[in-house]
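Here is what each chain is made of, one letter per residue.
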Amino acid sequence: MIQQTRPARLVFSYGVNDMGLEIGGDGDNAYAQTFEQKIDELLAVVPDAKVFVCSIIDVTPSAKERSPRWDKAARYNVQLQEMCQRRGWIYVDNDPLGNDLSNYQEDGVHFTPDFTWTWARNISKTMWETVFASE
């Protein structure tokens, strides 16, 4: 499918489920290495696409208290920022969107349906500021 559409922009967002499952293992840069490998697989098909990588939006403090597996967002986001800087990809900082606790469902991990629009606007704003405004 991606070969047929040949998108000019690719937006990647892996989140707390990947963090909780320790995707890539628990090595120093394992999360970003796994993420980078997946992006490279798509770039092999559409090498000229501009890449946007979304940060992980952290869970609430109460969710972290219930389970330590959710306490990796800051570390993983640093890995993603470094990966983006090294590769010339655009890092989309969504983490501040988690400051409003009303965006979360009761579990403190998942978001309310209305939050999707806030998240999409932030991604679109970053795309506009980094790509469309300079074209």
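Here the structure is shown first, and the text comes after it.
Here we summarise the structure given alongside this text. (Residues numbered from 1 in each chain as written. Predicted model: local features only at pLDDT ≥ 70, side-chain atom pairs only at ≥ 80, totals over all residues. Heavy atoms only, no water.)

A look at the side chain of Glu-36
Our working rule: Helix and strand definitions follow DSSP, with helices as H or I runs of at least four residues and strands as E runs of at least two, each counted in order from the N terminus. Pairs of N or O atoms within 3.5 Å make up the polar contacts considered here, provided that, within protein, one atom can donate a hydrogen while the other can accept it, and that residues adjacent in sequence are counted only when both atoms are side-chain atoms. By the convention used here, residues are in contact when the closest approach between their heavy atoms is within 4.5 Å.
With respect to the element layout, Glu-36 can be found in helix 3 (residues 30-43). At 2.7 Å, the side chain of Glu-36 forms a polar contact with the side chain of Arg-87. Ignoring sequence-local partners within four residues, the contact set of Glu-36 consists of Met-83, Arg-86, Arg-87 and Trp-89.

Considerations on helix 5 (residues 73-87)
Three or four residues apart is the spacing at which side chains of an α-helix point the same way, because the helix has 3.6 residues per turn. To be explicit about the condition: Here, expected helix span is obtained from the residue count minus one, scaled by 1.5 Å.
Helix length check: helix 5, at 15 residues, gives a terminal C-alpha distance of 21 Å against a target of 21 Å (1.5 Å per residue), a fit within 8%. Of the residues trailing helix 5, Gly-88 is marked for its positive phi of about 75 degrees.

Describing the packing of aromatic side chains
The geometry of an aromatic ring pair comes down to the distance between the two centres and the angle between the two planes. Stated precisely, the cut-off is as follows: Working definition: rings of Phe, Tyr and Trp (its six-membered ring) pair if their centres are within 6.5 Å, and the pair is stacked with planes under 30 degrees apart, edge-to-face with planes over 60 apart, and tilted otherwise. Three labels apply to residues, based on accessible area from a 1.4 Å probe with only protein chains included: buried if under 20% of the type maximum, exposed if over 50%, partly exposed otherwise in between.
Under the definition given, this model contains three aromatic pairs. Relative to Phe-35, the ring of Tyr-14 has its centre 4.5 Å away and its plane inclined at 85 degrees; by these criteria the two rings are edge-to-face. With Tyr-14 in the loop between strand 1 (9-12) and helix 2 (16-20) and Phe-35 in helix 3, this pair connects stretches of sequence that are 21 residues apart. Exposure remark for Phe-35: the relative accessible area of 3% places this residue in the buried category.

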